[in-house]
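Summary of the model geometry
Given next are the chains, with one letter for each unit.
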Amino acid sequence: MAEPLAGLVLPVSSWLRLAPHRHWLDMQGQRLLDFSKPSRVPHGFAALGDDGRLQPGAVADGTLTARMTHVHAVAMGRGLPGCAPLAAHGVASLRGALEDHDHGGWYLTPAINGKPPEESRKQAYLHAFVALAASSAHVAGVAGGRELLDTALAIWERHFWSEAEGVFRESFAADWSDEEDYRGANANMHSVEACMAVADVTGNGVWRHRALRIAERFIHTYARDAGYCLPEHYSREWGVLKDYHRDRPADALRPYGMTPGHFVEWAHLLLRLEAALLRADGHAPPWLVEDAIELFHSGMNNGWQRDGAPGLLYTIDWARRPVVHNRPHWCQAEAMTAAAALLKRTGHQRYEHWYRTIWDYIDTYMIDRQQGGWIQELDEHNHPSSTIQAGKADLYHAWQATIMPLLPLAPSFATAVTLPGS
């Protein structure tokens, strides 16, 4: 049972009220943006190494390109120099070699001289980020943003959305045959974020209610029934795949077991969805805030400092025992974002405590003051590691963690930064 909610007032002493803290967030975000700028390559954006340099033979990555386009479009909307050309490059790249001009949709890596890449399956995870990037680019006024958004939504709706199930399908072959026998929580979680952004940008509330349907299945049904520990992997008949990737426990997108970082990420998405529904319709299901509270506490109880050292670990098994002890940076960023959202929504002092605790951890262990950016992964002793993913590829999670506390829970980021006072 969820705890009773306090008044919607931040504690008087909250860091979120303090101008120096808000300035610190803004400066951290700008440093992350500056660090990421060398990732531009001819067909999009590629991963940087630990030293902030492109690696030899670096090739554009579709998901990274979409994420970078989104971030730089939002930053462009905030008036930050140098971001507009990068957002424009991202849109052009998503209309270039990363797009399948024969069958529609997007590749994970570019087609070179018209030849499709070796991995040419169409992934729901990637397409959610393309829709998010296109919506942000359109709001920011990037040339081609509206056309990219129209194309992305047509593909996303036609091939991925399952009206019968109320979720997004997972993947297909390049020609849209051979649907994968899999339903995934991760791709659908990011689709919730993209749906809310698309609803804000297009004014079409159907996308917002699709986000609600996704959340109702994965969280209000499956996670709630499992004590707010969310299974990630399902068959197309919705059987839980408990042995999925048992042999690849540290997979970057589909690891074995359950992921506490996703519990907390869902928590703030539910609060943002509640705020979006209230803003648009004047009402929202009460279970959104109740489930968000339960998910956050489940994520922190099952993932934070489970092995004696601070930090939110990567995965747990079905008995809630740690599997991969490493601390990916995105787990910490999402936990901090969830604490901030719950603090804004409830006013409870406990979330102020978590907000400060997680930022202290990030500042102490993850902000790299020697080579720049954030260290993307730490081991169980909080030493740099590359078990899950090498280098410093990601800007999206860390940068959004610096901007989310500065903005309201709704509307979505690209729309919110256009509001007076933002």
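The structure contained in this document is the topic of the report that follows.

The rules behind these values
Residues numbered from 1 in each chain as written. Predicted model: local features only at pLDDT ≥ 70, side-chain atom pairs only at ≥ 80, totals over all residues. Heavy atoms only, no water. Helix = DSSP H or I, 4+ residues; strand = E, 2+ residues; numbered from the N terminus. Expected span 1.5 Å × (residues − 1). Buried < 20%, exposed > 50% of the residue type's maximum accessible area, 1.4 Å probe, protein only. Disulfide = S-S within 2.5 Å. Contact = heavy atoms within 4.5 Å. Core = buried A, V, L, I, M, F, W, Y, C linked by side-chain atoms within 4.5 Å. Arc of directions from axis to C-beta.

1. What about helix 11 (residues 349-366)?
The end-to-end C-alpha distance of helix 11, which contains 18 residues, comes to 25 Å, matching closely the 26 Å that a straight helix rising 1.5 Å per residue would cover. If you check which residues of helix 11 are buried, you get Y351, E352, W354, Y355, I358, W359, Y361, I362 and M366.

2. Notes on the state of the cysteines
Inspection of the entire model under this criterion finds zero disulfides. We note that C229 lacks a disulfide partner, and the nearest cysteine sulfur, in C331, lies 14 Å from it.

3. Looking at the side chain of H268
Checked against the element boundaries, H268 lands in helix 8 (residues 260-281). Apart from residues lying up to four places away in sequence, H268 is in contact with E334, T337, A338 and A341.

4. Details of the nonpolar core
Counting residues in hydrophobic clusters, the biggest one holds 135 residues, and the most contacted among them are W156, F218, L230, W266 and F296. Those residues within four positions of F218 in sequence are excluded, and the remaining contacts are V167, G184, A185, N188, A223, L230, Y234, W238 and W266.

5. Notes on helix 1 (residues 19-36)
Over its 18 residues, helix 1 runs 26 Å from end to end, which matches the ideal 26 Å to within 8%, given 1.5 Å per residue. If you check which residues of helix 1 are buried, you get H21, L25, Q28, G29, L32, L33, F35 and S36. One side of helix 1 holds all its buried residues, which, seen down the axis, span an arc of 165°. Across helix 1 from its buried face, at more than 90 degrees, point the exposed residues A19 and P20. Residues of helix 1 that are buried in the fold lie against helix 2 (62-77), helix 3 (83-94), helix 11 and helix 12 (396-403).

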